[in-house]
Amino acid sequence: MRVFVPGDSSALSMGAEAVARAIARARPDVTVVRNGSRGMFWLEPLVEVETGNGRVAYGPVTADAVPGLIDAGFLEGKPHTLCLGLTAEIPYLKRQERVTFARCGVTDPLSLTDYVAHGGFRGLERAREMTAEAIVEEVVTSGLRGRGGAGFPTGIKWRTVLKAGGERKYIVCNADEGDSGTFADRMIMEGDPFVLIEGMIIAGLAVGASHGFIYCRSEYPHAFKVTQRAIALAYEKNYLGERAGFDLEIRLGAGAYICGEETSLLESLEGKRGQIRPKPPLPAIEGLFGKPTAVNNVISLATVPIILDKGGPFYRDFGMGKSRGTLTIQIAGNVKYGGLVEKAFGLTLREAIYDFGGGTASGRPLRAVQV
């Protein structure tokens, strides 16, 4: 019997550690899996129980509520005032198109077996059978753009790095997520770190890079530790290292907001003060240590394995106009239901705030939104 208690920072801040311990003490025969968050923060800690009909959710669960839940038969998915029914049927989740976040909250983030069982590394397997040019064109076809804010086409950036001269090239993941109310990068790093690792390996194959760096903001110590452990596990199973032809390191920043800008980030990675470099040259031509470098956001890289697994047209068919694929919306502030939403491009701001966010938590009229 398996019970899922999130190890995500949002759930931990609401007492998930105490809930996990309480379940383990009360029922030592139960396997407690520390999954990522589903992104429904108002329900954290969200505890899920594996049943024959699917996973049943309960939340928000406190450590004090555990004895009552066990007495009510929650381990068999039985009714309780905290019971939310089948997790997959919760409207907030059911109305989404989870593509990049398909595994987040579903799997054990530090289980390679779990990752592979849920489609992990299929994109990498296909990429290994393709030429670098073909991988780049697949990403171009998908319409994937940078998810860090600038929205630059990912495939075009990779094509530039691929065509750049030089024996040494780098892949750099910008995980310096510092804007107010943002948490999507953190959720991937804590809830599905192997998809980020897979995306970076594929990026390396696409541009001819054999070394990658993840630059993580200092305010994310938990995400840093989880991703660091995931990298070590990937080395143990030869997904990284000499046999794989790709090495990966994660570096912790020092709390400088400016290092979210790609050239400042590169300066910091080189051990210098984080200051913006003049452009040109672009990092794709002259980036880390003066070598051609592909700098991408966490969500961009985490989406690449899905594109390589299911094909560029699959991802392109989400969205509308020039905005292809899905958008990760992070709802925070004065709303009833703060959390993460992944939807195909085309959602209105009103739908995001009212259909998913539930309107203002205070009940007062909406006055302003920071996008």
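The structure we're discussing is the one just above.
Residues numbered from 1 in each chain as written. Predicted model: local features only at pLDDT ≥ 70, side-chain atom pairs only at ≥ 80, totals over all residues. Heavy atoms only, no water.

Enquirer: Can you break down helix 7 (residues 132-142) residue by residue, with the values?
Expert: Residues of helix 7 that are buried: Ala 132, Ile 135, Val 136, Glu 138, Val 139 and Ser 142. Projected down its long axis, helix 7 shows its buried positions confined to an angular sector of 155 degrees, all on one face. Phi turns positive, to about 80 degrees, at Gly 143, one or two residues after helix 7. (Buried < 20%, exposed > 50% of the residue type's maximum accessible area, 1.4 Å probe, protein only. Helix = DSSP H or I, 4+ residues; strand = E, 2+ residues; numbered from the N terminus. Arc of directions from axis to C-beta.)

Enquirer: Pulling in residues and values, what's your account of the sheet that holds strand 4 (residues 54-58)?
Expert: What the five strands build is an open sheet, ordered 2-1-3-4-5; its pairing is mixed. Only two strands of the sheet have a single partner each, and these edge strands are strand 2 (31-33) and strand 5 (83-86). Taken pair by pair, the neighbouring strands of this sheet meet at an average axis angle of 25 degrees, ignoring direction. Across the sheet, helix 2 (residues 16-26) is in contact with strand 1 (2-4), strand 2 and strand 3 (47-51); its angle to strand 2 comes to roughly 165 degrees. (Pairing = 2+ DSSP bridges. Axes fitted to C-alpha atoms, helices over the stretch in contact; angles between N-to-C directions. Contact = heavy atoms within 4.5 Å.)

Enquirer: Give a detailed account of the side chain of Arg 217, specifying residues and quantitative values.
Expert: Within the secondary structure, Arg 217 sits in the loop between strand 7 (211-216) and helix 11 (221-236). Residue Arg 217 is classed as buried on the basis of its relative accessible area, which comes to 16%. Beyond its immediate chain neighbours, meaning those up to four positions away, Arg 217 contacts Ala 175, Asp 176, Glu 177, Gly 178 and Leu 252.

Enquirer: Give me the packing of aromatic side chains: which residues, what numbers.
Expert: This structure, assessed with the given rule, holds 11 aromatic pairs. Connected via pairs of aromatic rings, a cluster forms that spans Trp 42, Tyr 92, Tyr 337 and Phe 356. Over the aromatic face of Phe 4 sits the side chain of Arg 55, whose NZ or CZ is 3.6 Å from the ring centroid. Positioned above the aromatic ring of Phe 356, the side-chain terminus of Arg 95 is 4.6 Å from the ring centre. (Phe/Tyr/Trp six-rings, centres within 6.5 Å; stacked < 30°, edge-to-face > 60°. Lys NZ or Arg CZ within 6 Å of the ring centre and 35° of its normal.)

Enquirer: Report on the sheet that holds strand 6 (residues 170-175), specifying residues and quantitative values.
Expert: Read across the open sheet, the four strands follow the order 8-7-6-9; overall the sheet is parallel. Looking along the sheet, the strands with just one partner apiece sit at the ends: strand 8 (247-252) and strand 9 (293-297). Averaged over all pairs of adjacent strands, the angle between strand axes in this sheet comes to 20 degrees, irrespective of strand direction. The pairing of strand 7 with strand 8 spans six bridges and is parallel.

Enquirer: Tell me about the pattern of salt bridges, and please be specific about residues and values.
Expert: The tally for this structure, following the rule as stated, stands at 23 salt bridges. Residue Glu 262 is joined to Lys 279 by a salt bridge in which the shortest nitrogen-to-oxygen separation is 3.1 Å. Here the residue Glu 262 occupies a position in helix 12 (residues 262-269), and Lys 279 occupies one in the loop between helix 12 and strand 9, the gap between them amounting to 17 residues. Measuring nitrogen to oxygen at the nearest pair gives 2.8 Å for the salt bridge that ties Arg 277 to Glu 270. On the accessibility criterion, Arg 277 (18% relative accessible area) is buried. (Salt bridge = Lys/Arg side-chain N within 4 Å of Asp/Glu carboxyl O.)

Enquirer: Please set out helix 8 (residues 154-163) residue by residue, giving values where relevant.
Expert: Buried within helix 8 are the following residues: Thr 154, Gly 155, Lys 157, Trp 158 and Val 161. Taken around the axis of helix 8, the buried residues stretch over an arc of 160 degrees, which confines them to a single face.

Enquirer: I'd like a description of the packing of helix 9 (residues 184-191) against helix 10 (residues 193-207), backed by residues and values.
Expert: Where helix 9 contacts helix 10, the axes come no closer than 5 Å and their chain directions differ by 100 degrees. Classified by the angle their axes make, helix 9 and helix 10 are roughly perpendicular. The residues of helix 10 that touch helix 9, namely those facing Ile 188, Met 189, Glu 190 and Gly 191, are Pro 193, Val 195 and Leu 196. Across the contact of helix 9 with helix 10, the residue classes break down as five nonpolar, one polar and one charged. (Parallel < 35°, antiparallel > 145°, perpendicular 65-115°, else oblique. Nonpolar A, V, L, I, M, F, W, Y, C, P; charged D, E, K, R; others polar.)

Keep in mind that these numbers describe shape and distance, not what the molecule does.
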